[in-house]
Amino acid sequence: MVTLQGNTIYLRALEPEDLEFVYKIENDENIWEVSNTQTPYSKFLIRQYLENAHQDIFEAKQLRLAICKKETSDAIGLIDLFDFDPKNKRAGVGVIIQSETERNNGFGKQALGLIIDFAFEQLQLHQLYANIGTENQASLALFTTFGFEKIGTKKDWNFTKNSFHDEALFQLIKK
């Protein structure tokens, strides 16, 4: 896959050298709430995952790309297409910028724009969807910027910090 280029970031396939970065993200308890992670991942499991990352989206039913800054080539986040359904031409999408210092700099916005274009133009998808906690104001703002529309709320869907929280379902249909 050719890298997808933005103004200040690019998206690329995961490499074996990304082991430490992916390990750090997957084991960051501060973001487990948005990634629906419940237990830590071992380096062994992540190494196995990276070894199979060469599978294309039609085989694996998902695509995870590293978000990298152009000026340094450092990976700063991940963006995923998941639940890929080529028959019905849809997939879920999620994005995470690992470091709080890198957030709110437009990197997630560029990455989401690139993956939307890729999904609609290259994969010929008809729609994308995202599950977003109703308290996650940054993600709500990001996805609605691209025209994702809230189509429903799953009440008391996620149990975190000793209480239940709602999760909204957003959808973007290709015009």
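### Things to note about unusual backbone geometry
Point 1. Here the phi dihedral of Asp83 falls at roughly 50 degrees; this positive angle occurs in a residue that is not glycine.
Point 2. With respect to the helices, strands and loops of the structure, Asp83 is situated in strand E4 (residues 75-85).
Point 3. A positive phi angle is found at Asn104, which is not glycine, with a value near 65 degrees.
Point 4. Position of Asn104 relative to the elements: it lies in the loop between strand E5 (90-97) and helix H5 (107-122).
Point 5. Judged by its relative accessible area of 76%, Asn104 falls in the exposed class.

### A word on a nonpolar patch on the surface
Point 1. A cluster of nonpolar side chains, namely Tyr41, Phe44 and Leu45, defines an oily patch on the protein surface of about 310 Å² accessible area.
Point 2. Residue position: Tyr41 is located in the loop between helix H2 (32-35) and helix H3 (43-51).
Point 3. By relative accessible area, Tyr41 is classed as partly exposed at 36%.

### With respect to the nonpolar core
Point 1. Leu11, Ile79, Leu81, Val93, Ile115, Leu128 and Phe148 are the most contacted members of the largest nonpolar core, which has 35 residues in total.
Point 2. Within the residue set of this core, elements represented by two or more residues are strand E2 (9-13), strand E3 (63-69), E4, E5, H5, strand E6 (127-133), helix H6 (137-145) and strand E8 (163-173).
Point 3. The element best represented in this core is H5, accounting for 9 residues.
Point 4. In this view, Ile115 contacts Leu11, Leu65, Ile79, Leu81 and Val93; residues no more than four positions away in its chain are not counted.
Point 5. Ranked by size, the runner-up nonpolar core spans 12 residues in total, among them Tyr10, Leu14, Ala66 and Leu78.

Definitions and limits used
- Per-chain numbering applies: the sequence of each chain, read as written, is numbered from 1 onward.
- Only residues with pLDDT of at least 70 are given local features in this predicted model, and only at 80 or more are side-chain atom pairs given and counted; all residues enter the totals for whole chains, interfaces and linings.
- Hydrogens and water molecules were not included; the side-chain quantities draw on all heavy atoms of the structure.
- We count a stretch as a helix when DSSP gives it H or I for four or more residues in a row; a strand needs E for two or more, and each element gets its number in order from the N terminus.
- Each residue is assigned to one of three classes by its accessible area relative to the maximum for its type, calculated with a 1.4 Å probe on protein chains only: buried under 20%, partly exposed between the two thresholds, exposed over 50%.
- Patch definition: residues with relative accessible area over 30% and no salt bridge; like charges joined within 9 Å; nonpolar side chains (Val, Leu, Ile, Met, Phe, Trp, Tyr) joined within 5 Å.
- A 1.4 Å probe and the Shrake-Rupley method give the accessible areas. Residues count as covered only by the protein chains that appear here.
- We count a salt bridge whenever a side-chain nitrogen from Lys or Arg sits within 4 Å of a carboxyl oxygen from Asp or Glu.
- By nonpolar core is meant a set of buried Ala, Val, Leu, Ile, Met, Phe, Trp, Tyr and Cys residues that side-chain atoms within 4.5 Å join together.
- Only heavy atoms enter the contact rule, under which two residues are in contact if any of them lie within 4.5 Å.

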